[in-house]
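A closer look at the structure
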Amino acid sequence: TLGEDHPATLSTLNSVACALIRQERYSQAEVLFRNCWEVQKKAFGEDHPRTLNALNGMAVAVDGQGNHDKAVELLQGCWEDMKKKLGEVHQDSLECLYDLANALKNQGNHSKAEKLQRDCCDIGNQPPT
């Protein structure tokens with residue numbers, strides 16, 4: 001076996017969790033994303049792009065279960081870390097910002113969600129630096 005911290009194992013775990021999100025099986029997806037996040041934190045560090053992507057997925061799963069406050073909290077931290085590590089124009093950073101906007105909308109904070117959605121469009125139209 002490859003082991004739980006092997007990149008291929010983690011990639012497969014992440015893919016299964018993403019499939020569960022698409023099937024709206026959020027609690028199962030959260031478990032897989034959380035496991036992936038914990039292993040990647042140990043293997044790569046908290047600010048590694050793979051770790052941050054797992055955190056983003058876990059937050060989306062949390063949001064899908066109706067825990068919007070927790071999702072917003074996780075996504076705000078994830079967005080800040082992704083901006084520092086990858087830059088705000090990076091595709092993963094923009095996806096996180098989009099997910100944060102959706103969580104805010106689900107939370108009922110429509111004006112902040114709309115602002116972030118506009119920011120996402122504006123940032124996405126910037127040339128890479």
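Note that the structure is predicted; figures quoted are calculated from it, not measured. (Residues numbered from 1 in each chain as written. Predicted model: local features only at pLDDT ≥ 70, side-chain atom pairs only at ≥ 80, totals over all residues. Heavy atoms only, no water.)

**Some remarks on the environment of Ala101**
Its location among the elements puts Ala101 in helix H5 (residues 91-107). Note on Ala101: relative accessible area 0%, which makes it buried. Taking the C-alpha atoms as reference points, Ala101 and Lys112, separated by 11 residues in sequence, lie 7.5 Å from one another. In this structure, Ala101 is in contact with Ala113, Leu116 and Gln117, ignoring residues within four places of it in sequence. (Helix = DSSP H or I, 4+ residues; strand = E, 2+ residues; numbered from the N terminus. Buried < 20%, exposed > 50% of the residue type's maximum accessible area, 1.4 Å probe, protein only. Contact = heavy atoms within 4.5 Å.)

**Remarks on the packing of helix H2 (residues 26-44) against helix H3 (residues 49-64)**
Two numbers describe how H2 lies on H3: the axes approach to 8 Å, and their chain directions differ by 160°. On the basis of their axis angle, the class for H2 and H3 is roughly antiparallel. The two elements H2 and H3 cross, and the hand of that crossing is left-handed. Of the residues in H3, those touching H2 at Tyr26, Ala29, Glu30, Phe33, Arg34, Cys36, Trp37, Gln40, Lys41 and Phe44 are Arg50, Thr51, Ala54, Leu55, Gly57, Met58, Val60, Ala61, Val62 and Gly64. Looking at the contact of H2 with H3 residue by residue, the class counts come to 12 nonpolar, 4 polar and 4 charged. (Axes fitted to C-alpha atoms, helices over the stretch in contact; angles between N-to-C directions. Parallel < 35°, antiparallel > 145°, perpendicular 65-115°, else oblique. Left-handed = near helix turned anticlockwise from the far one by under 90°. Nonpolar A, V, L, I, M, F, W, Y, C, P; charged D, E, K, R; others polar.)

**A closer look at the layout of surface pockets**
In this structure, the largest pocket spans a volume of roughly 350 Å³. Looking at the lining of the largest pocket, its residues break down into 7 nonpolar, 6 polar and 5 charged. (1 Å grid on protein atoms, 1.4 Å probe; cavity = no way out; pocket = protein on both sides within 12 Å on 5 of 7 lines; lining within 4 Å. Points joined across faces, edges and corners; volume = space filled by probe spheres on them.)

**Topic: the packing of aromatic side chains**
In the structure shown here, the tally under the stated rule is 0 aromatic pairs. A cation over a ring is seen here: Lys41 above Trp37, with NZ or CZ 3.9 Å from the ring centre. (Phe/Tyr/Trp six-rings, centres within 6.5 Å; stacked < 30°, edge-to-face > 60°. Lys NZ or Arg CZ within 6 Å of the ring centre and 35° of its normal.)

**Remarks on the packing of H3 against H5**
At their nearest, the axes of H3 and H5 sit 10 Å apart, and the two run at 20° to each other. The orientation of H3 with respect to H5, classified from their angle, is roughly parallel. Crossing geometry of H3 relative to H5 is assigned as left-handed. Contact residues: Asn53, Asn56, Val60 and Asp63 in H3; Asp92, Glu95, Cys96, Asp99, Asn102, Ala103 and Asn106 in H5. Of the residues in the contact of H3 with H5, the class split is 3 nonpolar, 4 polar and 4 charged.

**Focus: unusual backbone geometry**
Of note in the backbone geometry, Glu24 takes a positive phi value of approximately 60° without being a glycine. Here Glu24 is to be found in the loop between helix H1 (7-22) and H2. For Glu24, a relative accessible area of 58% corresponds to the exposed category.

**A closer look at H1**
Relative to the 22 Å expected for 16 residues at 1.5 Å per residue, H1 spans 23 Å between its end C-alpha atoms, a close match to the ideal helical length. Listed as buried for H1 are Leu10, Leu13, Ala17, Leu20 and Ile21. Buried residues of H1, seen end-on, are gathered within an arc of 105° and therefore sit on one face of the element. On its buried face, H1 sits against H2 and H3. Of the residues one or two after H1, Glu24 is the one with positive phi, at around 60°. (Expected span 1.5 Å × (residues − 1). Arc of directions from axis to C-beta.)

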